[in-house]
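Chains, contacts and geometry: an overview
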Amino acid sequence: MSKYQTGILAEPVPPVARHLFFTLESIEHLPAALQRLTALVDGDATVVGFGISVLQALETQLLKLRAFPALSANGLDIPSTQHAVWCWLRGDDRGELLHRTNTLIKALAPALSLVQTTEAFRYKDGHDLTGYEDGTENPVEQAAIDAVFDTQAPGGTYAAIQHWVHDLSGFKSLPQQEQDHIFGRRLSDNEELDDAPESAHVKRTAQEDFTPEAFVVRRSMPYIDGEDAGLVFLAFGHTLDSYEMQLRRMIGLDDGITDGLFRFSRPVTGGYYWCPPVENAQLDLSALL
Ligand code: HEM
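Described below are features of the structure shown in this document. Numbers given for residues are sequential positions, taken from 1 along each chain in its written order. Note on the predicted model: pLDDT of at least 70 is required for a residue's local features to be given, and 80 or more for side-chain atom pairs to be given and counted; whole-chain, interface and lining totals, by contrast, use all residues. Hydrogens and water molecules were not included; the side-chain quantities draw on all heavy atoms of the structure.

Regarding the overall build of the chain
What the chain contains, in helices and strands, is eight helices and 14 strands. With respect to the principal axes defined by its C-alpha atoms, the chain has extents near 55 × 40 × 35 Å. The buried share among the 289 residues of the chain stands at 53%. Here, residues are in contact when the closest pair of their heavy atoms is within 4.5 Å. In the chain, 78% of the contacts between residues at least 6 apart in sequence involve partners at least 24 apart. When the accessible surface of the chain is totalled, it reaches about 12800 Å², and 50% of it is carbon and sulfur. A positive count includes Lys and Arg, and a negative count includes Asp and Glu. His and the chain ends are not counted in either. Positions of charges follow a simple convention, taking NZ of Lys, CZ of Arg, CG of Asp or CD of Glu. The centroid of the 22 positive side-chain charges in the chain is displaced by 2 Å from the centroid of its 41 negative side-chain charges. Counting from the N terminus, the helices are DSSP H or I runs at least four residues long and the strands are E runs at least two residues long. Relative accessibility decides the category of a residue: with a 1.4 Å probe and only protein chains considered, values under 20% of the type maximum give buried, values over 50% give exposed, and everything between is partly exposed. Accessibility throughout is a Shrake-Rupley quantity obtained with a 1.4 Å probe, and a residue counts as covered only by protein chains that appear here.

Dropping the structure here:
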């Protein structure tokens with residue numbers, strides 16, 4: 001039986017999803033709330049991650065977990081909006097996800113309270129709202145397992161999550177070739193472009209170009225929130241360093257070149273979470289409790 005939260009590697013991303021972010025209200029009530037949570041989370045329909053404040057509250061240390069860093073460089077700001085608990089509800093029915101949300105809110109009270117909810121969805125068969133296919137260079141099968149799951153105790157994986165708000169009309173008003181050069185791929189056939197500029201997103205983030213190589217599994221999904229629309233970027237790795245190296249290169253901290261994506265999109269949130277392993281289709285919180 002798999003020891004990890006299987007929703008993480010399940011493909012494709014589900015038709016609909018909810019991202020829930022909880023803040024810690026009472027350390028005293030936390031252990032009981034987490035016990036109730038284990039009974040509700042199978043790691044497949046619902047994936048759960050804990051922020052550093054939960055570990056600190058339980059006087060537990062995980063050397064690889066830290067708070068999401070706020071970064072600024074080259075006129076770009078990467079905000080940190082770290083929360084205590086993140087839940088990724090995966091499904092195909094918005095109503096069912098709403099009911100599942102309410103069950104989780106009740107189970108986690110009064111230790112944790114919901115502070116942010118985002119409804120996300122699959123666009124076409126896994127595209128960003130710009131129309132570009134997202135996830136092409138994700139490692140698959142054993143390579144995905146190797147990229148994502150920590151083999152050292154207590155196991156599990158680490159997640160990085162950001163909301164990116166797109167200026168879609170600005171993007172769509174650019175000539176097609178300029179749009180393709182922002183990503184470094186051709187919209188029409190998803191081919192990687194040899195003549196793309198150094199600012200092209202896939203050149204900034206080329207996973208094998210880092211030392212050590214920085215492979216992650218991305219499970220991003222578009223979202224709409226009133227007038228805003230964009231991407232809930234979500235990446236998993238056995239370390240947060242791979243994602244963070246990519247992000248630093250995107251904002252030009254390596255060589256001063258910033259990612260073309262910033263021409264039409266900005267991150268407005270950012271958090272890091274440890275996703276514990278599962279045992280018998282229940283969260284294994286033995287490292288915490
Ligand atoms: C506005 C937000 C973003 C959008 C719309 C976006 C979209 C895309 C697209 C369309 C691709 C090409 C196809 C693919 O391989 O998936 C791609 C590649 C990739 N993106 Fe992003 N991305 C965003 C943010 C990020 C961030 C914040 C990171 C990490 C810090 C990242 C990491 C990667 C990686 C690792 C690849 C594959 C590069 C390779 O090895 O070829 N992306 N992204």
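What follows continues from the structure just given.
A look at the nonpolar core
Only buried residues count toward a nonpolar core. Its members are Ala, Val, Leu, Ile, Met, Phe, Trp, Tyr and Cys residues joined through side-chain atoms within 4.5 Å. Counting residues in hydrophobic clusters, the biggest one holds 56 residues, and the most contacted among them are Leu34, Leu37, Phe50, Val85 and Leu112. For this core, the leading source of residues is helix 1 (residues 30–40), giving four residues. Leave out the neighbours within four places in its chain, and valine 85 touches Leu20, Phe21, Phe22, Val48, Gly49, Phe50, Val54, Leu112 and Tyr273. If you look at the next biggest cluster of nonpolar residues, it comprises 23 residues, including Ala17, Phe21, Met221 and Phe236.

A closer look at the coordination of the iron atom of the ligand
Coordinating donors are taken as N, O and S atoms within 2.8 Å of the metal, stretched to 3.2 Å for Na, K and Ca; because water is absent from the atoms, sites can appear incomplete. On the protein, His201 (NE2) is the one donor atom to the iron atom of the ligand, at 2.0 Å. Among the structural elements, histidine 201 can be located in helix 7 (residues 201–204).

Section: the environment of glycine 51
Mapped onto the secondary structure, glycine 51 falls in the loop between strand 2 (46–50) and helix 2 (52–57). Among the residues examined, glycine 51 registers a relative accessible area of 0% and is labelled buried. The spatial distance from the C-alpha of glycine 51 to the C-alpha of alanine 84 is 4.5 Å, given a sequence separation of 33 residues. Not counting residues within four places of it along the chain, the set of residues in contact with glycine 51 comprises Leu65, Gln82, His83, Ala84, Tyr272 and Tyr273.

Focus: the pattern of salt bridges
Pairing between side chains becomes possible if they bear opposite charge and their charged atoms approach one another. Salt bridges, as used here, are contacts in which a Lys or Arg side-chain nitrogen is within 4 Å of a carboxyl oxygen on Asp or Glu. Summed over the entire model, instances satisfying the criterion amount to 14 salt bridges. For glutamate 96, the salt bridge identified is with arginine 100, shortest N-O distance 2.9 Å. Remark: arginine 100 and glutamate 96 occur in helix 3 (residues 94–108); sequence separation between them is four residues, near one turn of the helix. Residues joined in a network through salt bridges with shared partners are Arg66, Asp241 and Glu244.

As for the site of the ligand
Taken together, 26 residues are adjacent to the ligand, and Gly135, Glu137, His201, Gln207 and Arg218 come closest. Each polar contact in these results corresponds to two N or O atoms within 3.5 Å; when the atoms are within protein, one needs to be able to donate a hydrogen and the other to accept it, and residues that are neighboring in sequence are counted only if both atoms are side-chain atoms. Taking threonine 136, its main chain carries an N or O atom lying 3.1 Å from an oxygen atom of the ligand. Between the ligand and arginine 218 there is a distance of 2.8 Å, counted from an oxygen atom to a side-chain nitrogen or oxygen. Breaking the shell around the ligand down by element, the ones donating at least two residues are strand 7 (157–166), helix 7, strand 10 (228–237) and helix 8 (241–250). Proximity criterion: a residue is near a molecule or strand once any of its heavy atoms comes within 4 Å of it.

Here we look at the state of the cysteines
Only a pair of cysteine sulfur atoms within 2.5 Å counts as a disulfide in this structure description. With the rule as written, the count across this model stands at zero disulfides. No disulfide involves cysteine 87; its nearest neighbouring cysteine sulfur is the one of cysteine 275, lying 10 Å away.

Quick look at the packing of helix 1 against helix 3
Running from amino to carboxyl end, helix 1 crosses helix 3 at an angle of 150 degrees, the nearest separation of the two axes being 8 Å. Judged by the inter-axis angle, helix 1 sits roughly antiparallel to helix 3. On helix 3, the residues that touch Ala33, Arg36, Leu37 and Leu40 of helix 1 are Thr103, Leu104, Ala107 and Leu108. In this description, a line fitted to the C-alpha atoms serves as the axis of each element, helices being fitted only across the stretch in contact, and the angle between N-to-C directions of two axes falls anywhere from 0 to 180 degrees. Angles below 35 degrees are treated as roughly parallel, those above 145 as roughly antiparallel, those between 65 and 115 as roughly perpendicular, and all remaining angles as oblique.

So, the packing of aromatic side chains
Two rings from Phe, Tyr or Trp (for Trp, the six-membered ring) form a pair when their centres sit within 6.5 Å of each other. Planes less than 30 degrees apart are called stacked, planes more than 60 degrees apart edge-to-face, and all others tilted. Throughout the structure, instances matching the rule amount to 15 aromatic pairs. An angle of 45 degrees between the planes, with centres 6.2 Å apart, marks the rings of phenylalanine 68 and tyrosine 243 as tilted. Of this pair, phenylalanine 68 sits in the loop between helix 2 and strand 3 (71–73) while tyrosine 243 sits in helix 8, and the two are 175 residues apart along the sequence. On the basis of relative accessible area, phenylalanine 68 is assigned to the buried category, the value being 4%.

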